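Geometric and topological summary
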Amino acid sequence: MKIKVKEGHAGIMTLKDGTQMNYGVKRITKNMSKIIFYTGKGLREMFKPDMNEDENANAVQLKKLDEKTLMKSGHVFEMPFTNIQVIN
């Protein structure tokens, strides 16, 4: 399987059910079966340009958290590539 995205890439993906979502690649699993990505919420709260002081302080704290905690809070998500129809 050829993966067109790599760590740091951001875009919009379309799932097989037609749902579209923003994503930012955090990493691809070693066996290339899943993508671990920042959700729209994660992108907005952690990487938004021109953040004010409070937003920046929150982003700094979020970036210190481990992946599992960020998944529980909805900032990061893991998805099998088999669930994705189109990834841009």
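For the structure itself, consult the block above.
Position numbers for residues start from 1 in each chain and track the written sequence from start to end. Local features are withheld for residues below a pLDDT of 70 in this predicted model, meaning they are given only at 70 or higher, and side-chain atom pairs are given and counted only at 80 or more; totals for whole chains, interfaces and linings count all residues. As a convention, hydrogens and water are excluded, and side-chain values are obtained from all of the structure's heavy atoms.

A few points about the overall build of the chain
Numbering of helices and strands starts at the N terminus; helices are DSSP runs of H or I of at least 4 residues and strands are runs of E of at least 2. On a plain count of helices and strands, the chain comes out with 3 helices and 5 strands. In sequence order, the secondary structure elements of the chain are arranged as β-β-β-α-α-α-β-β. Radius of gyration: C-alpha atoms only; globule rule: 2.2 Å multiplied by the number of residues to the exponent 0.38. The C-alpha radius of gyration of the chain comes to 13 Å, within 12% of the 12 Å expected for a compact globule of 88 residues. Across its three principal axes, the chain shows a C-alpha extent of roughly 40 × 25 × 20 Å. Exposed residues in this analysis have more than 50% of their type's maximum accessible area, buried residues have under 20%, and partly exposed residues fall in between, with area computed by a 1.4 Å probe over protein chains only. Looking at the chain as a whole, 30% of its 88 residues qualify as buried. Sequence-distant contacts, at least 24 apart, represent 51% of the contacts inside the chain between residues at least 6 apart. Calculation of accessible area relied on Shrake-Rupley with a 1.4 Å probe; when residues are assessed, cover is drawn exclusively from the protein chains displayed. Surface summary for the chain: the accessible area is close to 6000 Å², and the carbon and sulfur share equals 51%. Any two residues whose heavy atoms approach within 4.5 Å at even a single point are treated as in contact.

As for the sheet that holds strand 4 (residues 76-80)
Strand pairing follows a simple DSSP-based rule, namely that at least 2 bridges must link the two strands. In space, the 5 strands of this open sheet follow the order 4-3-2-1-5, with antiparallel pairing throughout. Either end of the sheet is taken by a strand with one partner, and the two such strands are strand 4 and strand 5 (84-87). Geometrically, the sheet is characterised by an average inter-axis angle of 45° between neighbouring strands, direction not taken into account. Here 3 bridges tie strand 1 (residues 10-15) to strand 5, and the two strands are oriented antiparallel to one another. Bridged to Leu15 within strand 5 is Ile84. Axis definition: a line fitted to C-alpha atoms, limited for helices to the stretch in contact. Angles are taken between N-to-C directions and run from 0 to 180 degrees.

Quick notes on the pattern of salt bridges
Salt bridge, as used here: a side-chain nitrogen of Lys or Arg that lies within 4 Å of a carboxyl oxygen of Asp or Glu. Tallied over the entire structure, the rule returns 4 salt bridges. Glu67 is paired through a salt bridge with Lys26; the nearest N and O atoms lie 3.6 Å apart. Of the two residues, Glu67 sits in helix 3 (residues 67-72) while Lys26 sits in strand 2 (residues 20-28), which places them 41 residues apart along the sequence. In this structure, the salt-bridge partner of Lys48 is Glu55, at a minimum N-O distance of 2.6 Å. Residue classification places Lys48 among the partly exposed residues on the basis of a relative accessible area of 34%. Residue Glu55 is classed as partly exposed on the basis of its relative accessible area, which comes to 28%.

Side note on the packing of aromatic side chains
In summary, the pairing rule links any two rings of Phe, Tyr or Trp, Trp by its six-membered ring, whose centres are within 6.5 Å, and it sorts them by plane angle into stacked for under 30 degrees, edge-to-face for over 60 and tilted for everything else. By the definition in use, this model includes 2 aromatic pairs. Arranged with centres 5.0 Å apart and planes meeting at 75°, the rings of Tyr38 and Phe47 form a pair that is edge-to-face. A relative accessible area of 42% means that Phe47 is categorised as partly exposed.

Thoughts on the nonpolar core
Within the largest apolar cluster, 10 residues are counted, these being Val5, Met13, Leu15, Tyr23, Val25, Ile35, Phe37, Met79, Phe81 and Ile84. For this core, the secondary-structure elements that each account for two or more residues are strand 1, strand 2 and strand 3 (34-38). For Tyr23, the contacting residues outside a window of four places in its chain are Val5, His9, Ala10, Gly11, Ile12, Met13, Ile35, Phe37, Tyr38, Leu43, Ile87 and Asn88. Only buried residues count toward a nonpolar core, which is a set of Ala, Val, Leu, Ile, Met, Phe, Trp, Tyr and Cys residues joined through side-chain atoms within 4.5 Å.

So, the pairing of strand 3
For strand 3, the tally of buried residues reaches 4 of 5 residues, placing the bulk of the element in the interior. Direction of pairing for strand 2 relative to strand 3: antiparallel, over a ladder of 4 bridges. When the sheet's bridge partners are listed, Val25 is paired in strand 3 with Phe37. Hairpin connection from strand 2 to strand 3: 5 residues lie between these consecutive antiparallel strands, with Met32 at a positive phi of about 60°.

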